[in-house]
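Survey of secondary and tertiary structure
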Amino acid sequence: MSTGSNAPRIASPTIEQAIGAQIRQHRKKLDITSAELAATAKISPGMVSKIENGQISSSLATLTALASALNVPISSLFAGYDDRRDCSFVKAGQGVVIERRGTKSGHLYELLGHSLNADVAIEPFLITLAADAVPYSAFCHAGVELIYMLTGSVGYRHADKVYHLEPGDTLFFDASAQHGPEELISVPMTYLSIIAYPRD
């Protein structure tokens, strides 16, 4: 069933591909070539190339020789195949309340999940602006942000423009420009904010 996303589907790696990726990663950490690894492990450079590319199944003796040449336990070569996929589950009302830098009175940020292993950090927030909330449109941070309006109504500034958001409206923007709720038209209000930025 299609989700409507254009993101490429990622097939789970085979055990050969996972082992090959681990061998290549360990080799690069040592800053040696595949030919140097082959010489140390006493196997052919062509064999090392095929193993690193997940093209062949290796014998236990070959994997033992490679692990020894890389100075790692043989179990580490299977790490990429057995890794857990990143997933977090938060029950309704049990998100972690976050005090964001610059947050003004009446702004509640509830973190709904987190990413652990990805190169890109994802921060999904349920944001509530209470009846006594004050406007604040000077947020500025790395990455991109998506706002999906749930309840209430707000004039949300991004750079030099203000967008009138009502339930069901979406705003997606470069978060390095100043942004935030500038006109609190109907409070209390809630909206979903998803921030994505590269990890350092």
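To start, this report covers the structure provided alongside it. (Residues numbered from 1 in each chain as written. Predicted model: local features only at pLDDT ≥ 70, side-chain atom pairs only at ≥ 80, totals over all residues. Heavy atoms only, no water.)

What follows is about the overall build of the protein. Broken down by element type, the protein carries 5 helices and 7 strands. N-terminal to C-terminal, the α/β element order of the protein is α-α-α-α-α-β-β-β-β-β-β-β. The proportion of buried residues among the 200 residues of the protein is 33%. Roughly 12300 Å² of accessible area belongs to the protein as shown, and the carbon and sulfur atoms make up 55% of that amount. (Helix = DSSP H or I, 4+ residues; strand = E, 2+ residues; numbered from the N terminus. Buried < 20%, exposed > 50% of the residue type's maximum accessible area, 1.4 Å probe, protein only. Areas by Shrake-Rupley, 256 points an atom, 1.4 Å probe, with all protein chains shown as cover.)

Axis separation between helix H2 (residues 34–41) and helix H3 (residues 45–52) bottoms out at 8 Å; the angle between their running directions is 115°. On the basis of the axis angle, H2 is roughly perpendicular to H3. For the element pair H2 and H3, the recorded crossing hand is right-handed. For the pair H2 and H3, contact is made by Ser-34, Leu-37 and Ala-38 and by Pro-45, Val-48 and Glu-52, respectively. Looking at the contact of H2 with H3 residue by residue, the classes come out as 4 nonpolar, 1 polar and 1 charged. (Axes fitted to C-alpha atoms, helices over the stretch in contact; angles between N-to-C directions. Parallel < 35°, antiparallel > 145°, perpendicular 65-115°, else oblique. Left-handed = near helix turned anticlockwise from the far one by under 90°. Contact = heavy atoms within 4.5 Å. Nonpolar A, V, L, I, M, F, W, Y, C, P; charged D, E, K, R; others polar.)

Before going further, it helps to spend a moment on the packing of H2 against helix H4 (residues 60–70). Remark: H2 packs on H4, axes separated minimally by 9 Å, with the N-to-C direction vectors making an angle of 110°. One finds that H2 runs roughly perpendicular with respect to H4. Judged by the sense of rotation from one axis to the other, the crossing of H2 with H4 is right-handed. When H2 is examined against H4, the residues Leu-37, Thr-40 and Ala-41 are found in contact with a partner set consisting of Ala-65, Leu-66, Ala-69 and Leu-70. Per-class residue counts for the contact of H2 with H4 are 6 nonpolar, 1 polar and no charged.

Ile-147, Tyr-156, Leu-165 and Tyr-191 are the most contacted members of the largest nonpolar core, which totals 19 residues. Looking at this core, the elements that each hand over two or more residues are strand E2 (107–111), strand E3 (120–129), strand E4 (144–158), strand E6 (170–174) and strand E7 (179–198). Looking at this core element by element, the count peaks at 4 residues for E4. Excluding its chain neighbours within four sequence positions, the residues that come into contact with Tyr-191 are Phe-125, Leu-126, Ile-127, Leu-129, Ile-147, Tyr-148, Met-149, Leu-150, Tyr-156 and Pro-181. Counting residues in hydrophobic clusters, the runner-up holds 15 residues, among them Leu-37, Ile-43, Ile-51 and Leu-66. (Core = buried A, V, L, I, M, F, W, Y, C linked by side-chain atoms within 4.5 Å.)

What follows deals with unusual backbone geometry. A negative phi holds for most residues other than glycine; trans holds for most peptide bonds. The linkage connecting Val-187 with the following residue, Pro-188, adopts the cis geometry, with an omega of 0°. A positive phi angle is found at Asn-71, which is not glycine, with a value near 60°. By secondary structure assignment, the location of Asn-71 is in the loop between H4 and helix H5 (79–82). For Asn-71, a relative accessible area of 71% translates into the label exposed. Its identity is not glycine, yet Ala-159 carries a phi of approximately 55°, on the positive side.

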